[in-house]
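Examining the three-dimensional arrangement
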Amino acid sequence: MNNDLNLPRRPGLIRGLLIAASVAAMAALAPGAYAQQQAKLRVGLMLPYTGTYAALGTAITNGFQLAVAEQDGKLGGREIELYRVDDESDPAKATENTNRLIKRDRVDVLVGTVHSGVAIGMAKVARQTNTLMINPNAGADEITGPLCAPNIFRTSFSNWQPGYATGKVMADSTHKTAVTLTWRYAAGQQMVEGFKEAFAKGGGKVLREMYLPFPNVEFQPFLTEIAALKPEAVFVFFAGGGAVKFVKDYAAAGLKDNIPLYGTGFLTDGTLEAQGATAQGIVTALHYADSLDTPRDNAFRTAYRKAYNMEPDVYAVQGYDAGQLLRIGLESVQGDLKKRDQMIRAMRAAKIDSPRGVFTLSSAHNPVQDFYVRRVEGKENKSIGIAVKALADPARGCKMP
Ligand code: BEZ
């Protein structure tokens, strides 16, 4: 689906003549003017627009488009043309969907995606085709681990990072036993690994790890088991529609006031409107919060509200920062993608002035960033402290060429 600013569809011959005429006209221009006439930069947004992660895909798209709109529709002097694919959070379709953007739509840059399993497929194609890829959410550790590459960047987090930060928060809260529950795929499994590392360091013990298939939301048997095990606390990863249902079910099962529920911040981000009273008081850790109250974040939130008539969330911030990172790269080469090495050097060295706070990228191209402790109050994930400052992913297995 091509999003905007497209040539109208015309029969092949007429379209061919139009292109030939415009090439001749451009050749007649002075060299400086010719530079300003560079073709539009084709950006492929591969994101979920349906299913449990649909709202996340929309928020990322909104954030990215806001970053472009703030530059009057141009990044590094190049007009931006968006091509979108709904990846349906389906890893089985990842290769085909990525190839469609690269081969059919001939995109210059890939931006995507949300689901870790889909992102792994996407990154493999990006590596094989040497296509520039900016990942605005999916946390798959592999992307900035064994699959790391000069052309692959992430503006979000590795799954290990929020898992580790939340484990630290729980251990600091003096809980000594916990049960974990999540979807059985890379995001859930890797966040649990990060959680266990920090929780064990703080003297905590995991009584049981429980999993259900993605994107199932039949939580009842697990809630019954949690009640029987009586851990001091529960750690979960759920996001989007699944997070809304889990938080409501946890409260309905009568567990909310008896066994404190913690999660990586995806549990309550972008979901509070739907979760209402059932989410109040839940403590999470994430690299963004609703109440940072910095001039940078306030300006972003005001602009986002004005553009979309809704509150931004962490996904919107990550999409916005994907746009900022691309802008930094393109500005360094005045929009000339042929200077790819120079552009990549600039992206690598970027200091991104994010609404979350300024962050840099590790040598594996993953954000080095603060993780906030947040507590749900009303419709906000209020920051109540810092869980870990400047947390860097260990980037296990990354051999950056
Ligand atoms: C993931 O699959 O990596 C993911 C999806 C939603 C929120 C966070 C991570």
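Just so it is clear, the model here is predicted, and its values are computed rather than measured.

What the second largest pocket holds in volume is close to 480 Å³. Gly270, Thr271, Leu272, Glu311 and Asp313 are, among the 25 residues lining the second largest pocket, the residues nearest its centre. Secondary-structure elements contributing two or more residues to the lining of the second largest pocket are helix H3 (54-69), helix H9 (240-252), helix H10 (272-275) and strand E15 (380-391). Per-element tally for the lining of the second largest pocket: the top contributor is H3, with 5 residues. Among the residues forming the lining of the second largest pocket, the class breakdown is 8 nonpolar, 9 polar and 8 charged.

The next point concerns the environment of Ile152. Looking at the element boundaries, Ile152 is found in strand E6 (residues 152-154). Taking the C-alpha atoms as reference points, Ile152 and Asp105, 47 residues apart in sequence, are found 20 Å from one another. Discounting chain neighbours no more than four positions away, the residues touching Ile152 are Ala123, Ala126, Arg127, Met133, Ile143, Leu147 and His365.

One pass over the structure, following the stated rule, counts 1 disulfide. Paired by a disulfide, Cys148 and Cys398 hold their sulfur atoms 2.2 Å apart. In this structure, the disulfide formed by Cys148 and Cys398 twists by about 85° around the S-S bond and is classed as right-handed. Here Cys148 is found in the loop between strand E5 (132-135) and E6, whereas its partner Cys398 is found in the segment after E15, with 250 residues between them in sequence. What makes Cys398 partly exposed here is its relative accessible area of 22%.

We now examine the site of the ligand. The environment of the ligand is formed by 16 residues, the closest being Val114, His115, Ser116, Gly139 and Tyr185. In this structure, Ser116 approaches the ligand through a side-chain N or O atom, which is 2.6 Å from an oxygen atom. Interatomic distance of 2.5 Å between a side-chain N/O atom of Tyr185 and an oxygen atom of the ligand. Burial of the ligand by the surrounding chains reaches 100%, relative to a free accessible area of 260 Å². Its residues assigned to classes, the shell around the ligand comprises 11 nonpolar, 5 polar and no charged.

Once that is clear, we can look at helix H8 (residues 220-229). Of all the residues in H8, the buried ones are Phe222, Leu223 and Ile226. One face of H8 carries all of its buried residues, which in axial projection span an arc of 100°. For H8, exposure combined with an orientation more than 90 degrees from the buried face picks out Pro221 and Ala228. Packing partners of the buried residues in H8 comprise strand E7 (177-183), strand E8 (205-212), strand E9 (233-237) and H9. Just beyond H8, the residue with positive phi is Lys230, at close to 50°.

Applying the stated criterion to the full structure yields 19 aromatic pairs. Ring centres of Phe300 and Tyr320 lie 4.8 Å apart, and the angle between their planes is 55°; this geometry places the pair in the tilted category. In this pair, Phe300 is assigned in helix H11 (residues 295-308) and Tyr320 in helix H12 (residues 314-332), connecting sequence segments 20 residues apart. For the pair Phe300 and Tyr320, a shared accessibility class is recorded, and that class is buried. Grouped by ring-pair contacts, the aromatic residues Tyr53, Phe157, Trp183, Tyr185, Phe214, Phe219, Phe237, Phe238, Phe246, Tyr250, Phe266 and Tyr315 constitute a single cluster.

A word on the sheet that holds strand E4 (residues 109-111). Strand pairing in a sheet relies on backbone hydrogen bonds, with the paired strands running either antiparallel or parallel. Taking strand neighbours across the sheet as the criterion, the 6 strands line up as E2-E3-E1-E4-E5-E6 in an open arrangement whose pairing is mixed. At either margin of the open sheet sits one strand with a lone partner, and together these are strand E2 (74-75) and E6. The sheet contact formed by E2 and strand E3 (residues 78-86) spans 2 bridges and is antiparallel. Looking at E3, one finds that Lys74 is bridged to Glu79. Those strands touched by helix H5 (residues 116-129) are strand E1 (41-47), E4, E5 and E6, and its axis lies near 160° from that of E5.

It is worth spelling out unusual backbone geometry at this point. Phi is mostly negative for residues that are not glycine, and the peptide bonds are mostly trans. A cis amide bond links Gly112 to the next residue, Thr113, at an omega of 0°. Along the chain, Thr113 turns up in the loop between E4 and H5. The step from Phe214 to Pro215 runs through a cis peptide bond, and the omega angle for that step is 0°. Relative to the assigned elements, Pro215 resides in the loop between E8 and H8.

For the rest of this paragraph, the subject is H5. With 14 residues, H5 ought to run about 20 Å at 1.5 Å a step, and its terminal C-alpha atoms sit 20 Å apart, in line with that. When we look at burial in H5, the residues that qualify are Ser116, Val118, Ala119, Ile120, Gly121, Met122, Ala123, Val125 and Ala126. Of the surrounding secondary structure, the elements contacted by the buried residues of H5 are E1, helix H4 (94-104), E4, E5, E6 and helix H7 (186-201). Just past H5, the residue Asn130 takes up positive phi, approximately 55°.

A few words now on the pattern of salt bridges. Applying the stated criterion across every chain, the model contains 22 salt bridges. When the shortest N-O distance is used, the salt bridge between Lys93 and Asp90 registers 3.9 Å. Note on Lys93: relative accessible area 30%, which makes it partly exposed. Linking Lys245 and Asp249 is a salt bridge whose minimum nitrogen-to-oxygen distance equals 2.7 Å. In this pair, Lys245 and Asp249 both sit in helix H9, 4 residues apart, roughly one turn of the helix. Looking at Lys245, the relative accessible area reads 31%, which means it is partly exposed. Overlapping salt bridges bring together Asp290, Arg301, Arg305 and Glu311 as one network.

Thresholds applied
The numbering scheme is per chain: residues are counted from 1 as the chain's sequence reads. Thresholds applied to this predicted model are a pLDDT of at least 70 for local features of residues and 80 or more for the giving and counting of side-chain atom pairs; totals over whole chains, interfaces and linings are not thresholded and use all residues. Water and hydrogen atoms play no part in the side-chain values, which are based on all heavy atoms of the structure. Cavities and pockets were defined on a 1 Å grid built from protein atoms only: a cavity is a group of points that admits a 1.4 Å probe but offers it no way out, a pocket is an open group of points flanked by protein on both sides within 12 Å along at least five of seven lines, and a lining residue is one with an atom within 4 Å of any such point. Grid points are joined across faces, edges and corners, and a volume is the space filled by probe spheres set on the points. The helix count covers DSSP runs of H or I at least four residues long, the strand count covers runs of E at least two residues long, and both are numbered beginning at the N terminus. Note that Gly is not counted as nonpolar here; it falls among the polar residues with everything else outside the nonpolar set of Ala, Val, Leu, Ile, Met, Phe, Trp, Tyr, Cys and Pro and the charged set of Asp, Glu, Lys and Arg. For this analysis, residues touch if any pair of their heavy atoms sits within 4.5 Å. Criterion for a disulfide: a pair of cysteine sulfur atoms at a distance within 2.5 Å. The cut-offs for exposure are 20% and 50% of the maximum accessible area for each residue type, with area from a 1.4 Å probe on protein chains only; residues under the lower value are buried, those over the upper are exposed, and the others partly exposed. Here a residue is near a molecule or strand as soon as one of its heavy atoms is found within 4 Å of it. Here a polar contact is taken to be a pair of N or O atoms separated by no more than 3.5 Å, where protein atoms must pair a possible hydrogen donor with a possible acceptor and residues adjacent in sequence count only if both atoms sit in side chains. Note on areas: Shrake-Rupley, 1.4 Å probe, and residue coverage restricted to the protein chains presented here. As used here, the arc belongs to the directions running from the helix axis to the C-beta atoms. Any two rings among Phe, Tyr and Trp, with Trp reduced to its six-membered ring, count as a pair given centres within 6.5 Å; such a pair is stacked if its planes are under 30 degrees apart, edge-to-face if over 60, and tilted if neither. What makes two strands pair is DSSP finding at least two bridges between them. Angles run from 0 to 180 degrees between N-to-C directions of axes, and those axes are lines fitted to C-alpha atoms, restricted for helices to the stretch in contact. Given the number of residues in a helix, its expected span is that number minus one, multiplied by 1.5 Å. By definition, a salt bridge exists where a carboxyl oxygen of Asp or Glu is found within 4 Å of a side-chain nitrogen of Lys or Arg.

The analysis is restricted to geometry; functional conclusions fall outside its scope.
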